[in-house]
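What follows is each chain in one-letter form.
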Amino acid sequence: MIRSRLMKGTVSILALMLLLTGDPLLQAGVTKEAASKYLKDVQKGNPDFKSVGKITFGPGGLLVVADPAKATITVIDTHDVGPLKKLEQKVSKVDVAVASSLGVEPSQIDIADMAVNSLSGNVYLAVNRKTDGQPAILMINAQGKVKNFDLSEVDYIQVALPGGKDSKIRNITGVALASDRLLAAAQSNEEFANKIYSIPLPLTHGTSADIYSAETYHVAHKRWETKAPIQSFVPYSNKGKNYIVGAFACTPIAKFPLDELQSGSKVKGTSVVELGSGNRPLDMLTYESDGKEWLLTNTFRFHWKKSMYGPSKWWGVRVNMDYLDAEDINEEAARRDVKQKTGPDGIEIVDQLSGAVHIDKLQKKEIVVLRDNDGHFDLEITELP
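Every chain's residues receive numbers from 1 upward, in the order its sequence appears when written. Whole-chain, interface and lining totals are the exception, using all residues; otherwise, since this is a predicted model, local features are given only for residues with pLDDT of at least 70 and side-chain atom pairs are given and counted only at 80 or more. In computing side-chain properties, one takes all heavy atoms of the structure into account and sets aside hydrogens as well as water.

Undergrad: Is there a simple way to think about the sheet that holds strand β7 (residues 123–129) in this case?
TA: Whenever strands of a sheet pair, they do so through backbone hydrogen bonds, lying parallel or antiparallel. A sheet is described by the order of its strands in space; here four strands give the open sequence β6-β7-β8-β9, paired in antiparallel fashion. The open sheet has two free edges, formed respectively by β6 (109–116) and β9 (146–148), since each of these has just one partner strand. Strand-to-strand twist in this sheet, taken as the mean axis angle between neighbours without regard to direction, amounts to 30°. The pairing criterion is simple: DSSP has to find at least two bridges between the two strands. Numbering of helices and strands runs from the N terminus, with a helix taken as a DSSP run of H or I at least four residues long and a strand as a DSSP run of E at least two residues long. In this analysis, axes come from line fits to C-alpha atoms, helices being fitted only over the stretch in contact, and the angle between any two N-to-C directions falls in the range 0 to 180 degrees.

Undergrad: How should I be thinking about the pairing of strand β8 (residues 135–140) in this particular structure?
TA: Side-chain direction in a regular strand flips from residue to residue, so the side chains alternate between the two faces of the sheet. Counting buried positions along β8 yields six of six residues, so the element is predominantly enclosed. Where burial is concerned, the two faces of β8 agree: the one with P135, I137 and M139 and the one with A136, L138 and I140 are both buried. Here β7 runs beside β8; their pairing, made up of six bridges, is antiparallel. Looking across to β8, one finds that Y124 is bridged to M139. Following β7, the chain reverses through five residues before pairing antiparallel with β8; G133 in that reversal takes a positive phi of roughly 75°. Summarising the sheet, β8 and β9 pair through three bridges and their orientation is antiparallel. For M139, the partnering residue across the bridge sits in β9 and is K147. For every residue, the accessible area obtained with a 1.4 Å probe (protein chains only) is divided by the maximum for its type, and the residue is called buried under 20%, exposed over 50%, and partly exposed between those limits.

Undergrad: Looking at this structure, how should I read the layout of surface pockets?
TA: It is a probe the size of a water molecule, rolled over the atoms, that shows where empty space is left. Of the voids in this model, the largest pocket is the one considered here, and its volume is about 630 Å³. Whether a set of points on the 1 Å grid over the protein atoms alone is a cavity depends on a 1.4 Å probe fitting there but being unable to get out, while an open set qualifies as a pocket with protein on both sides within 12 Å along at least five of seven lines; lining residues are those with an atom within 4 Å of a point. Around the largest pocket sit 28 residues that line it, and D110, I111, A112, V357 and H358 are the ones nearest its centre. Sorting the residues of the lining of the largest pocket by element identifies β6, β11 (169–177), β22 (279–289) and β27 (356–363) as the ones contributing at least two each. With four residues, the top contributor of residues to the lining of the largest pocket is β6. Grid points are joined across faces, edges and corners, and a volume is the space filled by probe spheres set on the points.

Undergrad: Explanation requested: the packing of aromatic side chains in the structure shown.
TA: The rule is short: rings of Phe, Tyr and Trp, with Trp giving its six-membered ring, pair when the centres are within 6.5 Å, and they are stacked under 30 degrees, edge-to-face over 60, tilted in between. This structure, assessed with the given rule, holds four aromatic pairs. The interplanar angle of 70° and the centroid separation of 5.0 Å between the aromatic rings of F57 and Y124 together place this pair among those described as edge-to-face. Pair noted here: F57 is in strand β3 (residues 55–57) and Y124 is in strand β7, with a separation of 67 residues, a long-range link. Taking the centre distance of 5.8 Å and the plane angle of 70° together, the rings of Y124 and F149 count as edge-to-face. You can see Y124 sitting in strand β7 and its partner F149 sitting in the loop between β9 and β10 (154–160), a full 25 residues away along the chain. The burial state of Y124 is the same as that of F149; both residues are buried.

Undergrad: How do you make sense of the pairing of strand β21 (residues 270–274) when you look at a structure like this?
TA: Buried residues dominate β21, accounting for five of its five residues. As paired strands, β21 and strand β25 (residues 334–335) are joined by two bridges and run parallel to one another. Across the sheet, the residue bridging to V273 is A334, located in β25.

Distances and angles like these do not, on their own, reveal function.
Written out as C-alpha cells, the structure reads:
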C-alpha cells in the first residue's frame, strides 16, 4: 500500500489508501450509500457495451469498465459487497468454462482483462466473443463457478473519452479510480497518440473527460516518443504533487504530472526505470513487504523467440517505489540487469508472475493470477515476496 503517495480526497488519507489498495477490512465498512457518493446521475439499465477492455474495482464494489469501441468508461455499482470468500483452490483451464458459458470454443474468446473484488473475493473477467464481437462480463466465485454478470438492469454512469477534431480513440489501455478523479490512458490516431484522461469525482453520467497528450523518453530507444501508449498505470502522489506512473512497451516506467494542467495540453513524462526492450507491460499494482513499498508489473516478452526470461514469455518484476522519487532522470534512468534475476538494487524478477497473463490484488500481499498453462489459463491465488 502507498502511504502518503495516494492522491488525497475528502476522507482520511489512511482510510482512502486502504480503500484504493483493496484492504478488505476497511472496504467491508464501505456501504452502498458511501460508494454512491462517487457517482452522480446514476442510470438504471443496460450500458450497451460495444466491446469490453480494461476493468478495475474501486471502493464499495464499483466496477470500472473501458469500452474501446465506444471510447467510453462505465462505472457499475455491482452491489457485490461481501462477505469476503477467497478462491478455494486453483481453477484449471478456466478458459474452457468461460468459453462454454458463452457457447463457443476456448479459441473463440478473448479475455481482455481481469479484476478482483476485494470485498467479496469474486473474480471478474472482461471477455469478447471473437465469432460475433459480443462483449460480456463474467464472474467467478470462491468455488470456481463461472457465471454471467447480468448487464440488463444495472446501476451505472458512463462518460466519454473525447478525441481531437479529426482524431479517433484506437484503444483504452488502462483505467483507475483515484481519490479525487477517474483516470484513463488511451491511444489515438494523432501524432501525439498517447493520451491521458482525467474526470473529477463525483462521476456524472454523460460528461466528458479532460484530455492530455503525453510524451515519453524511451530509454532503450534513446529518444522522445509520442505514439507509444501507456500500457498500465497506477495513481501516485509525492510531496503534495499528483502523478500517473505508467509502464510502456520497450519498457520505461515513467511518471506524468497531473496538477495545474489545462485540458488539451501536452505533458512530458519522466522516465525513472528501464525494464528492458522487447517487453509489453500488462498490469500494474503496488504492495508493501518487509517495510518497503513495491511497484509490481507483469509483462509479455514479445521478442520471446529470440530471448526468454525464465520458463515463460509472460514474466514479472517488482521495483522499489523509492525510484519514483527522482525528480529528473530520463537518460540516466536505472536499467534492469537483463542478464540477472536481480539488479540494480531494488529491481527484481518475481517468480510468482511466471506465466501470468493477468494479475490483480486481493489483499496485502495476495494476488489473483490468470496464468498460462500450455495455451489454456489457470486461475489461482498466490502470495508475493
